[in-house]
Amino acid sequence: KVRRAVELLQRHFDVLLLSDYDRFADIIHKITGWTPLKIKPANVFGGDLNYSYAELQKIKDLTEANGDVAFIDAVRHLYTPGYLDYLL
């Protein structure tokens, strides 16, 4: 399941953003010459989220059973930080 998901990801997506959105935006701005826009955060919950141990354990078990953990691990190995540096 994970192998197929990674294959589809590589086949259909040219750029993958796992983290460090600000760095990615900087790269795009340098390449294109675009001026950065200030975007107001929307759809953001400002309160505290409180989970019980049982709820967290259930989420962990479900993500492991679905292959989510293995998928993210595989993606992190393929798309290491700096994989877009050649564009600079």
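Conventions used here
Residues numbered from 1 in each chain as written. Predicted model: local features only at pLDDT ≥ 70, side-chain atom pairs only at ≥ 80, totals over all residues. Heavy atoms only, no water. Helix = DSSP H or I, 4+ residues; strand = E, 2+ residues; numbered from the N terminus. Rg over C-alpha atoms; globule rule 2.2 N^0.38 Å. Buried < 20%, exposed > 50% of the residue type's maximum accessible area, 1.4 Å probe, protein only. Salt bridge = Lys/Arg side-chain N within 4 Å of Asp/Glu carboxyl O. Expected span 1.5 Å × (residues − 1). Patch = residues over 30% accessible without salt bridge, like charges linked within 9 Å, V, L, I, M, F, W, Y side chains within 5 Å. Areas by Shrake-Rupley, 256 points an atom, 1.4 Å probe, with all protein chains shown as cover. Axes fitted to C-alpha atoms, helices over the stretch in contact; angles between N-to-C directions. Parallel < 35°, antiparallel > 145°, perpendicular 65-115°, else oblique. Left-handed = near helix turned anticlockwise from the far one by under 90°. Contact = heavy atoms within 4.5 Å. Nonpolar A, V, L, I, M, F, W, Y, C, P; charged D, E, K, R; others polar.

**Q** Please set out the overall build of the protein chain residue by residue, giving values where relevant.
**A** Across its full length, the protein chain carries 4 helices and 0 strands. Secondary structure elements of the protein chain occur, N-terminal to C-terminal, as α-α-α-α. For 88 residues, the compact-globule estimate of 2.2 N^0.38 gives 12 Å, and the C-alpha radius of gyration of the protein chain, at 17 Å, exceeds that figure by more than 25%. Its C-alpha atoms give the protein chain principal-axis dimensions of about 50 × 35 × 20 Å. Taking all 88 residues of the protein chain together, the buried fraction comes to 10%.

**Q** If you had to explain the pattern of salt bridges to someone new, which residues and values would you point to?
**A** Tallied over the full model, the rule gives 3 salt bridges. With its nearest N and O atoms 3.1 Å apart, the salt bridge here joins Glu7 to Arg4. With Glu7 and Arg4 both in helix α1 (residues 2-12), this residue pair falls 3 residues apart, about one helical turn. Judged by its relative accessible area of 44%, Arg4 is partly exposed.

**Q** Go over helix α3 (residues 53-66) with me, naming the residues and quoting the values.
**A** Across its 14 residues, α3 extends 20 Å between first and last C-alpha, which sits within 8% of the 20 Å expected from 1.5 Å per residue. Looking one or two residues beyond α3, the residue adopting positive phi is Gly67, at roughly 90 degrees.

**Q** Before we move on, could you go through the environment of Thr32 and cite the residues and values that matter?
**A** Positionally, Thr32 belongs in helix α2 (residues 21-32). Looking at Thr32, the relative accessible area reads 35%, which means it is partly exposed. Measuring from C-alpha to C-alpha, the distance between Thr32 and Leu17 comes to 18 Å, with 15 residues separating the pair along the chain.

**Q** Account for α2, with residues named and values stated.
**A** Between its first and last C-alpha, α2 extends 16 Å over 12 residues, near the 16 Å set by a 1.5 Å rise per residue. One or two positions beyond α2, positive phi appears at Gly33, with a value near 80 degrees.

**Q** Outline a nonpolar patch on the surface, supporting the account with residue identities and numerical values.
**A** The grouping of Phe45, Leu49, Tyr51, Leu56 and Ile59 at the surface amounts to a nonpolar patch, some 550 Å² of accessible area in total. If you trace the backbone, Leu56 turns up in helix α3.

**Q** Go over the packing of α1 against helix α4 (residues 68-78) with me, naming the residues and quoting the values.
**A** Remark: α1 packs on α4, axes separated minimally by 9 Å, with the N-to-C direction vectors making an angle of 45 degrees. It follows from the interaxial angle that α1 and α4 lie oblique. Judged by the twist between their axes, the crossing of α1 over α4 is right-handed. Contacts from Val2, Ala5, Val6, Leu9 and Gln10 in α1 reach Ala70, Phe71, Ala74, Val75 and Leu78 in α4. For the contact of α1 with α4, a count of residues per class yields 9 nonpolar, 1 polar and no charged.

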